[in-house]
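Structural overview
Residue-level listing of the chains:
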Amino acid sequence: MSEPMLQGKSHDIPKRLVWDAWLKVKKNGGAAGADGVTIERFEEELKDNLYKLWNRMSSGSYFPGPVRAVEIPKKGGTRVLGIPNVVDRVAQTVAVLEMEPVVEKVFHPDSYGYRPGRSPLDAIKVCRQRCWDKDWVVDLDVSKFFDSVRWDLALRAVERHTDQKWVMLYVERWLEAPMRMPDGTLTERTQGTPQGGPISPLLANLFLHYGMDLWMTREYPGCGFERFADDAVIHCVTERQAYEVRDAIGRRFAGIGLSLHPEKTKIVYCADSGRRRDYSVISFTFCGYMFRPRKAFNKATGKVFTSFLPAAAPDKLSGMSRKVASWKMHRRTTLTLNDLAREVNPALRGWLTYFTVFYPSMVIPLCKRVDRHLMRWAKWKYKRLERSDKRAREWLQGVRERAPGLFAHWDLRYRL
């Protein structure tokens, strides 16, 4: 809903858009930026803070603050996230709300990342079907994508989808904002879009829409693909075609400032009962699920066979197991079992909702591990159980029979 242009304002930005952006930022939560202002503190003077932001954005005098660098561990090293100040997250969300309805109309149907009404599970479902239809996969891994995005190409992509000068002005300023490192120093940047800001996923999708999606549609229309942000899987008919596509997209990416990870990008054979070719690489991971040959059961014929299927990736299960151990449930003997369930169920339910959609039996060892922690809790809390694993197991089994919905993981069928 637009408003009349106010006197002295360079840009027509509806106040309602700023309010809607704030509601979205508040819902998403998150840590404070480099200025130390939390969402709660920002909200203490909400009316003044939002008015000042709207006034500055409308007049062209808004400049973002530095982005706070946060190092988070990942397999093989660390990833640096860039956390904008709360006020800058609101401003970025204003631009996202302005642009999203426009770009959603043109984005490729096989792009799934950070888009309304789409989820990683949608991408996994399509990927599973295409792995059944075609024998070969190119598993793409882009090296340091968010650190490598060329600003000139990102701005050119944005310009194609907006006639609002303020969007172009502030996207450029967000890209150029320096990064405040953990030691307090400021680092100037010349490329990339910090992963962690609301505008970054939209810029990433725009960049790869032109950098990959449209290029694939034009050059290899017979090769379906699923892309979730910078993570992509391409399906090919033959091994030769897979190598050709991999090399061609490597050249394409090199032309736009990106590079494929030489070790993590791989050609995968989708082996199953009907595909018995000797090939060393027969698995890949996409959106937290590992695809590989797995035992399947044909209900119609009663026969067991091998199918190429997704299931929760081993590293994801290990991470969840470490998280469960970090709760130290056995030491929390002052809590009741109901109290304990209320604390751990949100995390358990979130994991299981995502990782039991495909091949749910893979998470049963995790469920049993949670039960072992609960049995240990019971042995610490109740003297009559402290010396007997058997009694503790029988006690927990009795609780499960009386209150099967107490813990989220008890919805799955398995024996203690």
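In this report, the structure presented in the accompanying data block is examined. (Residues numbered from 1 in each chain as written. Predicted model: local features only at pLDDT ≥ 70, side-chain atom pairs only at ≥ 80, totals over all residues. Heavy atoms only, no water.)

All right, on to empty space enclosed by the protein then. Tallied over the full model, the rule gives two cavities of 30 Å³ or more. The space that makes up the largest cavity amounts to roughly 110 Å³. Lining the largest cavity are 17 residues, and of these Val67, Gln92, Trp174, Pro194 and Ile199 lie nearest its centre. Of all the secondary-structure elements, those providing two or more residues to the lining of the largest cavity are helix 4 (86–103), helix 8 (165–176) and helix 9 (199–219). Class assignment for the residues of the lining of the largest cavity results in 10 nonpolar, six polar and one charged. (1 Å grid on protein atoms, 1.4 Å probe; cavity = no way out; pocket = protein on both sides within 12 Å on 5 of 7 lines; lining within 4 Å. Points joined across faces, edges and corners; volume = space filled by probe spheres on them. Helix = DSSP H or I, 4+ residues; strand = E, 2+ residues; numbered from the N terminus. Nonpolar A, V, L, I, M, F, W, Y, C, P; charged D, E, K, R; others polar.)

Space left empty within the atom packing is revealed by a probe, the size of a water molecule, rolled over the atoms. Quantified by volume, the largest pocket comes out at close to 2000 Å³. In terms of lining, the largest pocket is formed by 46 residues, of which the most central are Lys74, Arg79, Asp141, Asp231 and Lys264. Of all the secondary-structure elements, those providing two or more residues to the lining of the largest pocket are strand 2 (77–83), strand 3 (136–141), helix 6 (145–148), strand 9 (284–286) and helix 11 (314–326). It is helix 11 that contributes the most residues to the lining of the largest pocket, five residues altogether. When the residues that make up the lining of the largest pocket are grouped by side-chain class, the tally is 18 nonpolar, 12 polar and 16 charged. Looking at the second largest pocket, its volume works out to about 690 Å³.

In this section: the environment of leucine 374. Topologically, leucine 374 is positioned in helix 13 (residues 364–381). For leucine 374, a relative accessible area of 0% translates into the label buried. Spatially, the C-alpha atom of leucine 374 lies 51 Å from that of alanine 154, the residues being 220 residues apart in sequence. Excluding anything up to four places from it in sequence, leucine 374 contacts Met329, Leu337, Leu340, Leu396, Phe407, His409 and Trp410. (Buried < 20%, exposed > 50% of the residue type's maximum accessible area, 1.4 Å probe, protein only. Contact = heavy atoms within 4.5 Å.)

Quick look at the sheet that holds strand 3 now. Taken together, the four strands give an open sheet; going across it, the order is 6-7-3-8, and neighbouring strands pair in antiparallel fashion. Of all the strands in the sheet, just strand 6 (225–228) and strand 8 (266–269) have a single pairing partner and so form its edges. Direction aside, the axes of adjacent strands within the sheet are offset by 20 degrees on average. Where strand 3 meets strand 8, four bridges bridge the pair, whose relative direction is antiparallel. When the bridges of strand 8 are listed, aspartate 139 appears paired with lysine 266. Set on the sheet, helix 5 (residues 120–133) makes contact with strand 3, strand 6 and strand 7 (231–236); between it and strand 6 the angle comes to about 160 degrees. (Pairing = 2+ DSSP bridges. Axes fitted to C-alpha atoms, helices over the stretch in contact; angles between N-to-C directions.)

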